[in-house]
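# Descriptive structure summary
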Amino acid sequence: MKFNIALLAGDGIGPEVINEAVKVSDAIAKKFNHEITWTPALTGACAIDAVGVPYPDETHDICMKADAVLFGAIGHPKYDNDPSAPVRPEQGLLLMRKKLGLFANVRPTFTFPSLIDNSPLKRERIEGTDLVFLRELTGGIYFGEKGRKDDGETAFDNCVYTRAEVQRLAKKGFELAMTRSKKLCCVDKANVLETSRLWRETVQAMEKDYPEVTVSYEFVDAVAMRLVQWPNSYDVLITENLFGDILTDEASVISGSMGLMPSASVGVHTSLYEPIHGSYPQATGLNIANPLATILSAAMMFEDAFGLKDEAEAIRAVVNKSLEQGIVTEDLATKGSKAYKTSEVGDWLVENL
Ligand SMILES: NC(=O)c1ccc[n+]([C@@H]2O[C@H](COP(=O)([O-])OP(=O)(O)OC[C@H]3O[C@@H](n4cnc5c(N)ncnc54)[C@H](O)[C@@H]3O)[C@@H](O)[C@H]2O)c1
Ligand SMILES: CC(C)[C@H](C(=O)O)[C@@H](O)C(=O)O
Ligand SMILES: [Mg+2]
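Rules behind the numbers
- Position labels on residues start from 1 in each chain and follow its written sequence.
- Working convention: letters from A go to chains and numbers from 1 go to ligands, in the order in which they are written.
- Only residues with pLDDT of 70 or above have their local features reported here, since the model is predicted, and side-chain atom pairs are shown and tallied only from 80 upward, although totals for entire chains, interfaces and linings are computed over all residues.
- Hydrogens and water are ignored here; the side-chain numbers use all heavy atoms of the structure.
- Whether a residue is near a molecule or strand is decided by its heavy atoms; if any one of them lies within 4 Å of it, the residue is near.
- Throughout this description, a polar contact denotes any pair of N or O atoms lying within 3.5 Å of each other; where both atoms belong to protein, one of them has to be capable of donating a hydrogen while the other can accept it, and for residues adjacent in sequence the pair is counted only when both atoms sit in side chains.
- Here, Shrake-Rupley sampling with a 1.4 Å probe gives the accessible areas, and only protein chains in the shown set may cover a residue.
- Only runs of H or I of at least four residues qualify as helices and only runs of E of at least two qualify as strands under DSSP, and these elements are numbered from the N terminus.
- Residue polarity follows a fixed list, in which Ala, Val, Leu, Ile, Met, Phe, Trp, Tyr, Cys and Pro are nonpolar, Asp, Glu, Lys and Arg are charged, and the others, Gly among them, are polar.
- To define axes, lines are fitted to C-alpha atoms, for helices over the stretch in contact only, and angles between the resulting N-to-C directions are given on a 0 to 180 degree scale.
- Any angle that falls under 35 degrees is termed roughly parallel, while one over 145 is termed roughly antiparallel, one within 65 to 115 roughly perpendicular, and all others oblique.
- Take the far helix as your reference; a near helix turned counterclockwise from it by less than a right angle gives a left-handed crossing, and one turned clockwise gives a right-handed crossing.
- Any two residues having at least one pair of non-hydrogen atoms within 4.5 Å are treated as being in contact.
- UniProt positions are given in the numbering used here, feature names are shortened, and annotations may be inferred rather than shown by experiment.
- To sort residues, take the accessible area from a 1.4 Å probe on protein chains only and compare it with the maximum for the residue type: under 20% means buried, over 50% means exposed, and anything in between is partly exposed.
- By convention here, the domain bounds are inherited from an automatic or database domain assignment.
- In this description, buried area is defined as the sum, over both parts, of the accessible area (probe of 1.4 Å) that is lost when the two are combined.
- Whenever Lys or Arg places a side-chain nitrogen within 4 Å of a carboxyl oxygen from Asp or Glu, that contact is recorded as a salt bridge.

This next bit is on the site of ligand 2. Within the structure, ligand 2 sits among E90, L93, R97, R107, R135, Y142 and D245. In the model, an oxygen atom of ligand 2 is placed 2.7 Å from a nitrogen or oxygen of the R97 side chain. Between ligand 2 and R135 there is a distance of 2.7 Å, counted from an oxygen atom to a side-chain nitrogen or oxygen. With the chains in place, 78% of the 320 Å² that ligand 2 exposes on its own is no longer accessible. At 3 residues, helix 5 (residues 89-99) tops the list of elements feeding residues into the shell around ligand 2. Split by residue class, the shell around ligand 2 holds 2 nonpolar, no polar and 5 charged.

Take a look at the structure:
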């Protein structure tokens, strides 16, 4: 098969981790007789530097024409430390999600048997964790009206959801639950927020269409606690944009490193595969970032966007092997063991595929 993949490396460690994902994807393509054409495009701070906007029209055209998008990370400290900057890299990511219609962000959380002791959480709590967040990605407080009033003394961000937005995300949640253990948790704050009450009411009304699925409704603050206390009690969790952003960073602690967690953003026009982490500016250019979250995102791309399960499994298998053999970057290296460079991990995976 032939694929055209839009390649958005972004900022900070983005280009470094993307480089390794490209190496591994090319090696897989060679092994299974596929042909990949990578079309690079700018987004984030690098796009602002080059053309003044974080998600240029040219990048959007490239994404729309591609079979899938592989994305690294965006963000730069010069914007993080300047709250008044009128143009920000993150706006590029949000615009991209909105314009590409990527309304469902699939964020799996799982443990690797060889890394159980890398987690700060106790082995008996996290062993066997295998859950999936479906985070709504193009609505909520991220996209509601925002601004300042009273000469800048008051700021507001509106959180808005329509029933249709909740339904399309929840439908994916129910469908995913049907392919797994038929357990769905709707995470909200319905004791306080009107948008959450709309979520709860909408999901409750959908229950009759999926009689085999057991649905629980839990408040986000309690889920934040139970997630690290008994992560095994969850399977599929659906939630709104901001809650999903926060809970998935928290959940990455279960696996042992933020550098391990992949994601898929799916929706209307195309699908985009991205690690859940950011541009990790402190590591930029040091060749120390963990590339596995991006490589595992590429595996999700092979499976979900191209329907190539064997290729995805081959990537996951070699990643598991590398972890078992201690071929890990410094975030996972334990006391006294060697920390491999980002590019060395990629090289090892290619050689051992
Ligand atoms: N999707 C995205 O592009 C995305 C996501 C989150 C943050 N950001 C942006 O990234 C910048 C930095 O944000 P932040 O520091 O809050 O989040 P971050 O995810 O970049 O880093 C947080 C911490 O996670 C760890 N980490 C992240 N990626 C890692 C990797 N590949 N290997 C090993 N360890 C890793 C590091 O300990 C790091 O200090 C900001 O500008 C932010 O807006 C972008
Ligand atoms: C950078 C930021 C806009 C983004 C988000 O909040 O969605 C990030 O944290 C993520 O999780 O992809
Ligand atoms: Mg985030």
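The geometry of helix 11 (residues 292-305) relative to helix 12 (residues 309-324) is characterised by a closest axis approach of 7 Å and an angle of 160° between their N-to-C directions. Here helix 11 lies roughly antiparallel to helix 12, going by the angle between them. Note on packing geometry: the crossing formed by helix 11 with helix 12 is left-handed. Within the contact between the two elements, helix 11 uses L292, I295, L296, A299, M300, F302 and E303 and helix 12 uses K309, E311, A312, I315, R316, V319 and L323.

What follows concerns the UniProt feature "binding site: Mg(2+)" (unreviewed entry) in the protein. Taken from the UniProt record, the annotation "binding site: Mg(2+)" (unreviewed entry) applies to D221, D245 and D249. A maximum C-alpha distance of 14.5 Å is found for the annotated residues, which run over 29 residues; spatially they form one tight group. Take D221: it is sitting in helix 9 (residues 220-229). Note on D221: relative accessible area 45%, which makes it partly exposed. Tracing the backbone shows D245 in helix 10 (residues 241-255). Note on D245: relative accessible area 26%, which makes it partly exposed. For D245, the residues in contact, after removing those within four places along its chain, are R107, R135 and Y142. At 3.1 Å, the side chain of D245 and the side chain of Y142 are in polar contact.

Bringing the site of ligand 1 into the picture now. The full set close to ligand 1 counts 22 residues, and I74, D80, E90, G278 and Y280 are the nearest of them. For ligand 1, an oxygen atom lies 2.8 Å from a polar atom in the side chain of D80. Here an oxygen atom of ligand 1 and a backbone polar atom of G278 are 2.7 Å apart. Secondary structure elements with two or more residues in the shell around ligand 1: strand 3 (68-73) and helix 5. Its residues placed into classes, the shell around ligand 1 shows 10 nonpolar, 8 polar and 4 charged.

Inspection of the secondary structure assignment puts E136 in strand 5 (residues 130-136). Here the side chain of E136 touches T138 through a polar contact of 3.2 Å, landing on its backbone nitrogen. From its side chain, E136 meets the backbone nitrogen of G139 in a polar contact 2.8 Å long. The contact partners of E136, leaving out residues within four places of it in the chain, are F103, Y161, L169, W199, T239, E240 and N241.

Each assigned domain of the protein is listed with its residue range as follows: domain 1 (1-103 + 261-353) and domain 2 (120-255). One C-alpha centre belongs to domain 1, the other to domain 2; they are set 24 Å apart. Facing 10 residues of domain 1, the contacting portion of domain 2 comprises 13 residues. Of the roughly 1100 Å² buried between domain 1 and domain 2, counting both surfaces, carbon and sulfur atoms make up 71%. Seen at the junction of domain 1 and domain 2, the total is 0 salt bridges. The element contributing the most residues to the side of domain 1 that touches domain 2 is helix 5, with 3 residues. When grouped by side-chain class, the residues that make up the side of domain 1 that touches domain 2 number 7 nonpolar, 1 polar and 2 charged.

For the rest of this paragraph, the subject is the environment of L353. Summarising the element assignment, L353 is placed in the segment after helix 13 (342-352). Take L353: its relative accessible area is 24%, and that puts it in the partly exposed class. A sequence separation of 34 residues divides L353 from V319, and the C-alpha atoms of the two residues are 9.1 Å apart. Apart from the residues within four sequence positions on either side, L353 is in contact with V24, A27, I28, K31, A314 and V318.

This part covers the UniProt feature "binding site: substrate" (unreviewed entry) in the protein. The sites that carry the UniProt feature "binding site: substrate" (unreviewed entry) are, in the present numbering, R97, R107, R135 and D221. Across 125 residues, the annotated set is spatially dispersed, with a maximum C-alpha separation of 26.5 Å. Tracing the backbone shows R97 in helix 5. Accessibility expressed as a relative area gives 6% for R97, which makes it buried. Excluding residues within four positions of it along the chain, R97 makes contact with L102, R107, R135, L137, T138 and E274.

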